[in-house]
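If you want the building blocks of each chain, they are given just below.
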Amino acid sequence: MPAAKHRVKAGRGLGAAAVTLTVVAVVMAALVVAGVGPLRATRAGGPGVGSPAGAAGPPQGGATTGPAPAPAPVAATPPTVLAAPAVDAPLPVPDLLVARVAPSLAPARLGRAVGAMVADASSGEVLLARGADTPLTPASTTKLLTMAAVLETLGPQARLLTRTVLGADPGQVVLVGGGDPTLSVGPPVLPGAARLDTLAAATAAALRQRGRTQVSLTVDDSLFTGPAVNPAWPAEYVPSGVVSPVAALAVNEGRGGLGGRRVSDPALVAGQALAAALSRAGITVLGPVRHGRAPAGATELAGVSSPVLADLVEHTLTASDDDLAEALVRQVAVRTSRPASFSGAAKAVLAVLGSLGVEVQGITLYDGSGLSRLDTVTAAALVEVLRLAASPQHPELRPLLTGLPVAGFSGTLADRFTAGSLVGAAGLVRAKTGTLTGVSALAGTTIDAQGRLLVFAVLADQVPVTQRARAALDDFAAALTGCGCGSRTVAP
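Computed from a prediction, not measured in an experiment: that's the story for all the values here.

Draft legend 1. Fine view of the overall build of the protein. For the protein, the count of helices and strands is 12 helices and 12 strands. The proportion of buried residues among the 492 residues of the protein is 59%. For the protein, the accessible area works out to roughly 17,200 Å², and carbon and sulfur atoms hold 57% of it.

Written out as structure tokens, the structure reads:
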């Protein structure tokens with residue numbers, strides 16, 4: 001497993017400057033950017049139509065708007081999650097590190113199609129590389145790449161806006177989707193999520209000011225284009241509830257408030273929910289809700305905004321939320337003037353990653369969530385993105401780290417690293433999981449036994465037994481975390 005020929009690129013704007021940074025500087029930077037702390041397990045969470053990129057507050061210009069999202073509560077954190085890298089911790093010796101983790105990568109456990117890389121977060125030195133440039137099916141670790149593009153393109157403080165506007169006929173109201181699938185009916189999808197009843201109340205008040213108590217209602221979900229269901233997904237994914245059709249207008253992530261069942265037309269169901277809420281607010285909706293488009297320059301009645309993008313990305317990663325991932329990645333296409341379709345979003349993501357200095361050779365994307373088995377990613381690309389997120393030169397990417405599930409504590413790692421020899425890695429390993437039948441992946445960060453912050457990625461797409469592969473990945477991360485592995489000083 002030679003490592004000498006690899007060095008992780010930190011982006012065209014980073015270069016050797018990162019070499020002199022201590023690990024603590026890297027981690028402390030993550031604590032202070034935009035009030036986002038890396039010790040939080042999860043927080044709720046681009047701009048919607050009419051919302052500027054990077055807008056930190058609620059949208060302006062409507063008659064009334066929904067309230068700004070309240071801060072999400074901070075979950076109780078076990079003491080191990082508070083561990084931080086040591087100042088000037090020594091670098092591991094690559095040969096010793098490789099020997100320690102190699103048993104976890106054995107073909108009997110992960111199969112013969114494996115890509116793995118470990119690198120020092122600060123200097124970029126690669127400590128292990130095995131098949132690191134081999135394109136492999138990434139499953140949900142894809143979200144690290146797509147959410148990096150989202151953050152880089154829109155900024156962590158952007159919000160998604162859902163609006164009501166007047167139609168061509170003054171008696172017509174148009175509900176315009178801005179791509180926020182967390183718009184909620186009933187219990188909120190996320191703390192601080194925009195609420196449809198808030199939008200209805202504000203819209204009703206604006207209509208009464210205009211002397212209107214009867215309207216027709218149209219829904220406009222034209223921000224996104226192309227098929228709502230990805231042809232590269234298994235046909236049963238939507239009917240079985242794995243994912244919803246991707247729509248620019250949806251409530252409850254396409255579940256429509258109907259007991260969690262996925263709906264075939266999320267925009268229409270959202271419109272019907274708004275019609276019911278308007279009726280409760282004293283506005284009669286005449287006739288059925290219909291699809292249509294808002295006129296150019298339409299007068300806005302009201303709007304509600306999502307939590308900031310940093311919160312949405314954190315939730316996407318912590319919970320591995322496929323619906324939110326697909327909605328957010330379309331915003332990259334919108335912002336870069338590409339068709340907001342599956343293919344347009346994929347092209348946009350590759351362009352943004354390339355601009356960050358990530359090697360995109362070997363990356364093929366068919367979606368933003370990693371549900372497609374046709375997606376391919378390299379372990380090297382995942383490590384590059386994680387290093388960028390740890391770099392002070394890219395504070396906009398910090399939510400990639402703060403959103404990673406914490407071993408033994410949160411998200412998709414909550415029930416892992418909880419027993420036996422793995423317990424020592426609980427709270428220290430933070431990583432995005434990826435699982436499909438025959439595919440297992442893990443990519444994230446950890447702090448080794450000498451206090452060094454390391455980034456790693458392991459992809460395997462021909463695993464013989466899923467549970468055995470998952471155990472192997474956990475063993476790999478735990479071995480990395482427990483590695484003293486010699487002592488070297490950081491090269492100048």
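Draft legend 2. Just the nonpolar core, in detail. Formed by 76 residues in total, the largest nonpolar core has its most connected members in Val 313, Leu 328 and Leu 400. Leu 110, Ala 407, Ala 425 and Ala 478 belong to the second-largest nonpolar core, a separate cluster that totals 33 residues.

Draft legend 3. Summary view of the sheet that holds strand E2 (residues 114–120). In spatial order, the strands read E3-E2-E12-E11-E10; together these five strands make up an open sheet with antiparallel pairing. Edge positions in the sheet fall to strand E3 (126–130) and strand E10 (430–436), since each of these pairs with one other strand and no more. Each strand axis lies, on average, 5° off the axis of its neighbour in the sheet, ignoring direction. Relative to strand E12 (residues 453–460), strand E11 (residues 439–447) runs antiparallel, the two being bridged by eight bridges. Residue pairing for E12: Ala 443 is matched across the bridge by Ala 457.

Draft legend 4. Summary view of the state of the cysteines. By the definition in use, this model includes one disulfide. The partner cysteine of Cys 483 in its disulfide is Cys 485, sulfur to sulfur 1.1 Å. On the S-S bond that ties Cys 483 to Cys 485, the torsion sits near -115°, and the link is left-handed. Like Cys 483, the residue Cys 485 is buried in the burial classification.

Draft legend 5. Expanded view of the pairing of E2. Taken across its seven residues, E2 has seven buried, putting it largely inside the fold. Burial of the side chains of E2 extends over both faces: Val 114, Ala 116, Val 118 and Asp 120 are buried on one face and Gly 115, Met 117 and Ala 119 on the other. Where E2 lies against E12, seven bridges are found, and the strand directions are antiparallel. Residue Gly 115 lies in a different strand from E12, and its bridge partner there is Leu 459. Taken together, the four bridges between E2 and E3 define a ladder with antiparallel strand orientation. Across the sheet, Ala 119 pairs through a bridge with Val 126, a residue of E3. Linkage of E2 to E3, two consecutive antiparallel strands, is achieved through a turn of five residues, within which Gly 124 is found at a positive phi near 85°.

Draft legend 6. Fine view of helix H2 (residues 94–101). Three or more residues of H2 are buried, namely Pro 94, Leu 97, Val 98 and Val 101. Here the buried residues of H2 occupy an arc of 100° about the axis, which is enough to place them on one side. Exposed and oriented more than 90 degrees from the buried face of H2 are Asp 95 and Ala 99. Each element contacted by the buried residues of H2 is listed here: E2, E3, E12 and helix H12 (466–481).

Draft legend 7. The arrangement of the environment of Ser 343 in detail. Tracing the sequence through the fold places Ser 343 in helix H9 (residues 342–355). Given the relative accessible area of 45%, Ser 343 is considered partly exposed. Residues Ser 343 and Arg 330, 13 residues apart in the sequence, show an inter-C-alpha distance of 9.6 Å. A polar contact is formed between the side chain of Ser 343 and the side chain of Ser 341, at a distance of 3.3 Å.

Draft legend 8. Up close: the packing of aromatic side chains. Throughout the structure, instances matching the rule amount to two aromatic pairs. Considering the side-chain rings of Trp 233 and Phe 342, the 5.4 Å spacing of their centres and the 75° angle between planes classify their relative orientation as edge-to-face. Pair noted here: Trp 233 is in the loop between strand E6 (214–220) and helix H6 (266–280) and Phe 342 is in helix H9, with a separation of 109 residues, a long-range link. Across the pair, exposure class does not vary: Trp 233 and Phe 342 are buried alike. Relative to Phe 476, the ring of Phe 456 has its centre 6.2 Å away and its plane inclined at 55°; by these criteria the two rings are tilted. Of this pair, Phe 456 sits in strand E12 while Phe 476 is found in helix H12, placing the two residues 20 residues apart along the sequence. Owing to a relative accessible area of 0%, Phe 456 belongs among the buried residues under this scheme. In this arrangement the basic side chain of Arg 330 is found over the ring face of Phe 224, its NZ or CZ atom lying 5.5 Å from the centre. Just above the ring of Phe 342 sits the side chain of Arg 330; from NZ or CZ to the centre is 4.3 Å.

Draft legend 9. Representation of the packing of helix H4 (residues 142–154) against H9 within the structure. One can describe the packing of H4 onto H9 by two numbers: an axis separation of 9 Å at closest approach and a directional angle of 75°. Between H4 and H9, the interaxial angle falls into the category roughly perpendicular. In this structure, H4 uses Leu 145, Thr 146, Ala 148, Ala 149, Glu 152 and Thr 153 to contact H9, whose residues at the interface are Val 349, Val 352 and Leu 353. When the residues that make up the contact of H4 with H9 are grouped by side-chain class, the tally is six nonpolar, two polar and one charged.

Draft legend 10. Representation of the side chain of Thr 218 in the model. In this structure, Thr 218 sits in strand E6. Residues within four places of Thr 218 in sequence aside, it is in contact with Gln 172, Val 173, Val 174, Leu 175, Arg 290, His 291, Gly 292 and Arg 293.

Draft legend 11. Up close: unusual backbone geometry. Not every positive phi belongs to a glycine, and Asn 252 is a case in point at roughly 55°. The topology assignment puts Asn 252 in the loop between E6 and H6. One non-glycine residue, Ser 337, lies in positive phi territory at about 60°. Position of Ser 337 relative to the elements: it lies in the loop between helix H8 (322–335) and H9.

Draft legend 12. Representation of the environment of Pro 234 within the structure. With respect to the helices and strands, the residue Pro 234 is situated in the loop between E6 and H6. Pro 234 sits 137 residues away from Leu 371 along the chain, and the two C-alpha atoms are 8.8 Å apart.

About the criteria used
Residues numbered from 1 in each chain as written. Predicted model: local features only at pLDDT ≥ 70, side-chain atom pairs only at ≥ 80, totals over all residues. Heavy atoms only, no water. Helix = DSSP H or I, 4+ residues; strand = E, 2+ residues; numbered from the N terminus. Buried < 20%, exposed > 50% of the residue type's maximum accessible area, 1.4 Å probe, protein only. Areas by Shrake-Rupley, 256 points an atom, 1.4 Å probe, with all protein chains shown as cover. Core = buried A, V, L, I, M, F, W, Y, C linked by side-chain atoms within 4.5 Å. Pairing = 2+ DSSP bridges. Axes fitted to C-alpha atoms, helices over the stretch in contact; angles between N-to-C directions. Disulfide = S-S within 2.5 Å. Arc of directions from axis to C-beta. Contact = heavy atoms within 4.5 Å. Polar contact = N/O pair within 3.5 Å; in protein donor to acceptor, adjacent residues only side chain to side chain. Phe/Tyr/Trp six-rings, centres within 6.5 Å; stacked < 30°, edge-to-face > 60°. Lys NZ or Arg CZ within 6 Å of the ring centre and 35° of its normal. Parallel < 35°, antiparallel > 145°, perpendicular 65-115°, else oblique. Nonpolar A, V, L, I, M, F, W, Y, C, P; charged D, E, K, R; others polar.

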